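# Chain and residue survey
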Amino acid sequence: MAKRSDRATAKARGCRIGIDVGGTFTDFVLTDPRTGALVRYKEPSVPSDPSMSVRRGLPALLERAGVRPDEVELIVHGTTLLVNAIIQRRGAKVGLVVSRGHRGVLEIGRMSLDNSFDFTLRKEEPLVPRSRIFETSARIRIDGSVEAMPHAAEYDALADRLRKSGVEAVTVLLLNSYAHPEAEREVAEALAGRLPGVAITASAQIWPERREFERALVAIMNAYVQPIMVDYLRLLTSRISEVGIAAPVYITASNGGTLSIETARERPIDTVLSGPASGLVAATRIAQRVGQDSIITVDIGGTSCDVAFNQGPDPEYATATKVGDYPLVVPVVNVFAIGAGGGSIVWVDAQGVLKVGPNSAGADPGPICYGKGGKQPTITDCYLLVGYIHPDHFLGGRMRLDVARARAALEAVAERLGYEGEDRALRAAEAALRVASAMMATELFKGLARRGADPGEFALMAFGGAGPTHANLLAEEAGLDSIIIPPGPATFCALGAILTDVKRDYVRSRKLALRPGDGSAAELAGIFRALEERAAGWIATEGEILGRTMFDAALDMRYAGQAFDLQVAIPARMRLAPRADAIAELFHRAHERIYSFRDAGGAIEVTTQRIRVTGRIPPIEFPDVPRRPVPKPVGRRRVYVAGRQRDVAVYARNDLGRGAALDGPVIIEQEDCTVWVQPGWRAGIDRTGSILVRAVRPRASGKRSRSPGMRS
């Protein structure tokens, strides 16, 4: 499927640092390929200035690793800054220029609601209000020919209206501009010359794909967050320089890759959903080493739980997702979020029903047990009260948790639920954990059903600060029998950041009827060559650290008359010398696999052509974990399990070697998280250092998953 360039493979020389700025904590991972060392660190996030947690955490990380600033060769950084800005509507004041008659493009959208049966549902408010949408006579026909272009006087008048509206950025969206991007770019350049200091963006320059509404949103969101991204990256690079690090900085991308800081400034839309993507990249790497092809990943952090399904060595991708209420059609790693994280608030509604989320305590003030002013109990408070986490061991002892405050808050919840007895706060905490588990399991069931997948083929891989703590509760609720807890789960997305390659996607929408002998195959070959040339030119500017370059191709296809497309991967040999009959057979197979039938005589249309370019970052090799005797517990703890207190052994994860096996109930602690193993489950350590947890009793679901084997 991929074409490799002749570019020489780069060699790793120095240390690399991965950074993931989350809502509650900023995670750091440093790897030194010279020694194989992997050092992790967590620093509380600063929501008012996310770069400050980077500034505070880097010196501590370097000191812990015994590494000098000049020994760092690469920093890869991921953040949720932009997605939060869109959801919270904190972006720039954007204006939109459209072809005459299309001023309602954002209000009309797709003329659909998320729930047609909810009469109280409100349609999302457009990022650009109608008062800042302006019409122009510029118009492009569907075949790419130009119907009309503005004259100088019209440009002057349009620029004057935009100036008076006070816009900080302008997006130009002409009808059918994907078919003739040059005409739209001409309009953008004419306005840029008349509006100095205002960023002007042509929609097809950002994403030249058909569908006017979706293309508009991609370009608008890019303009909406660009000033935020530019300011943040300027501050970030300054903070890193203050530490004495001069290494290049890359930004994680939504497609599971990374981008140079220059590309991220120009195209911040490519980084909007980058944080969760890095975690899935690391998860697929660990899953392959463990020997488990099919995984469900759950990244439970402070504010949400990110879920993904994956089968095979590469992350699963999607070409359509949502950022808040807004559809986004750029390629992304297929991760979706649900509102159940460690900071999710536990509350009782007016009908006396126990609820968890969607509101979160976040990093400030955080859970009540943090002692920073939180007033409402959270899932983390529940973990603390039932005994899963120790109040003196949080973050390796750097933060002490307040059990008394957590108990008092959950007492109030228990009172509203009508619980009685001395253990009523414990019962309320356990009930809240069951509710959270049920919420997450429901989303897992939906994802499996949409894929027609057998749950028995999947193992649950849990990471994030709360993932290892909650994984066993979720697995029991969902009827899964296998769990993988990777090494360093609380900083897993930061690890994924330094494992990713540089990637970017290129697209063209050219509708073709696929028929043997009619020239459609030759036209596809020409489109692929043009996209590949653009991609090769870009990747050559992305830094000297890159090794070989690879190109992957895909086509969006459908049977004539269908209203939806299927994306079909095209092997390299077929991209270079396309054959209509061979491409058609690939589509028939894809359609049959998903919908259980093919229309062998049906006409096939190609709607969109895609190229992904990948510049390989020199790989990091991790040593196997050595064998060592099973150690004695480092302590014991009272844990509330199934309505009663139990005395549970506590082990230090760093003491466990390959081949160690522990029966639940048991707690395995490490600096940045706690692994809880339920009764009836067994935990073992494999060669990667992952904890493999398996059910050792018959499951209620009656179906057992294929557990990952413990490789020795």
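Predicted model only: the values in this text are computed from it and were never measured.

### Comments concerning the nonpolar core
Grouped burial of nonpolar side chains is what soluble globular proteins tend to show. Counting residues in each nonpolar core, the largest one holds 78 residues, and the members touching the most others are I296, L444 and L460. Of all the elements, helix α12 (residues 424-451) adds the most residues to this core, at twelve residues. If sequence neighbours within four positions are ignored, L444 has contacts with I296, V307, F309, L460, L474, A478 and L480. In this structure, V39, L82, W207 and M229 belong to the second largest nonpolar core, which totals 66 residues.

### Let's talk about the sheet that holds strand β32 (residues 661-663)
Ordered in space as β20-β15-β14-β23-β24-β36-β35-β32, the eight strands form an open sheet in which the pairing is mixed. Among the strands making up the open sheet, the edge pair consists of β20 (335-338) and β32. The average angle at which neighbouring strand axes cross in this sheet is 25°, direction not considered. In the sheet, strand β23 (residues 459-463) pairs with strand β24 (residues 482-485) via two bridges, with the strands oriented parallel. Bridge assignment links M461 to a residue of β24, and that residue is I484. Across the sheet, helix α13 (residues 467-478) lies against β14 (294-300), β23, β24, β35 (681-685) and β36 (691-695), angled at about 155° from β23, the strand it touches most.

### Brief notes about the pattern of salt bridges
Following the criterion strictly, the structure yields 40 salt bridges and no others. Here E411 ties to R424 by a salt bridge, and the two come within 2.7 Å at their closest N and O atoms. Here R424 lies in helix α12 and E411 lies in helix α11 (residues 403-417), a separation of 13 residues in the sequence. Between D565 and R558 there is a salt bridge whose closest N-O contact spans 3.7 Å. Among the charged side chains, a salt-bridge network with shared partners connects R210, R211, R558, D565 and E605.

### Topic: the confidence of the model for the protein chain
Averaged over the protein chain, the pLDDT score is 89; the fraction of residues at 70 or greater is 95%. This model gives residues 1-10 a pLDDT under 50, and the stretch forms 39 contacts once residues within four places in sequence are excluded. In this model residues 701-712 is a low-confidence stretch, pLDDT under 50, and it forms 48 contacts with partners more than four residues away in sequence or in other chains.

### Describing the pairing of strand β2 (residues 15-21)
With respect to burial, β2 is a largely interior element, seven of its seven residues being buried. The alternating pattern of β2 places C15, I17, I19 and V21 on one face and R16, G18 and D20 on the opposite face, and all of these are buried. Direction of pairing for β2 relative to strand β5 (residues 72-79): parallel, over a ladder of seven bridges. Across the sheet, the residue bridging to I19 is H77, located in β5. Inspection of the sheet shows β2 paired to strand β3 (residues 25-32) by six bridges, in the antiparallel sense. Looking across to β3, one finds that V21 is bridged to T26. Remark: three residues form the turn of the hairpin made by β2 and β3, two consecutive strands paired antiparallel.

### A word on the sheet that holds strand β30 (residues 635-641)
Spatial ordering of the open sheet is given by β30-β31-β33-β34, a layout of four strands whose pairing is mixed. If you trace the sheet from one side to the other, it starts and ends with β30 and β34 (673-677), each paired once. Pairwise comparison of adjacent strand axes, ignoring direction, gives a mean angle of 30° for this sheet. Sheet topology places strand β31 (residues 644-652) next to strand β33 (residues 666-670); four bridges connect them, and they run parallel. Looking at the pairing, V650 lines up with I667 of β33.

### Structural notes on the environment of G66
Relative to the helices and strands, G66 is located in the loop between α1 (50-65) and β5. The exposure class assigned to G66 is exposed, which follows from its relative accessible area of 63%. Spatially, the C-alpha atom of G66 lies 32 Å from that of S254, the residues being 188 residues apart in sequence.

### Some points on the packing of helix α10 (residues 379-386) against α12
Running from N to C, α10 and α12 point in directions that differ by 130°, and their axes come no closer than 9 Å. Our classification of the angle between α10 and α12 gives oblique. In terms of crossing hand, the pair formed by α10 and α12 is left-handed. Of the residues in α12, those touching α10 at I379, C382, Y383, L385 and V386 are A425, L426, A429, E430, A432, L433 and A436. Class assignment for the residues of the contact of α10 with α12 results in eleven nonpolar, no polar and one charged.

### Considerations on helix α15 (residues 520-539)
Between its first and last C-alpha atoms α15 spans 29 Å; for 20 residues at 1.5 Å apiece the expected length is 28 Å, and the two agree. Residues S520, A521, L524, A525, I527, F528, L531, E532, A535, W538 and I539 constitute the buried set of α15. Relative to the axis of α15, the buried residues are bounded by an arc of 165° and lie together on one face. Facing away from the buried side of α15, by more than 90 degrees, are the exposed residues A522, R529 and E533.

The rules behind each value
Residues numbered from 1 in each chain as written. Predicted model: local features only at pLDDT ≥ 70, side-chain atom pairs only at ≥ 80, totals over all residues. Heavy atoms only, no water. Core = buried A, V, L, I, M, F, W, Y, C linked by side-chain atoms within 4.5 Å. Buried < 20%, exposed > 50% of the residue type's maximum accessible area, 1.4 Å probe, protein only. Helix = DSSP H or I, 4+ residues; strand = E, 2+ residues; numbered from the N terminus. Contact = heavy atoms within 4.5 Å. Pairing = 2+ DSSP bridges. Axes fitted to C-alpha atoms, helices over the stretch in contact; angles between N-to-C directions. Salt bridge = Lys/Arg side-chain N within 4 Å of Asp/Glu carboxyl O. pLDDT = per-residue confidence, 0-100. Parallel < 35°, antiparallel > 145°, perpendicular 65-115°, else oblique. Left-handed = near helix turned anticlockwise from the far one by under 90°. Nonpolar A, V, L, I, M, F, W, Y, C, P; charged D, E, K, R; others polar. Expected span 1.5 Å × (residues − 1). Arc of directions from axis to C-beta.

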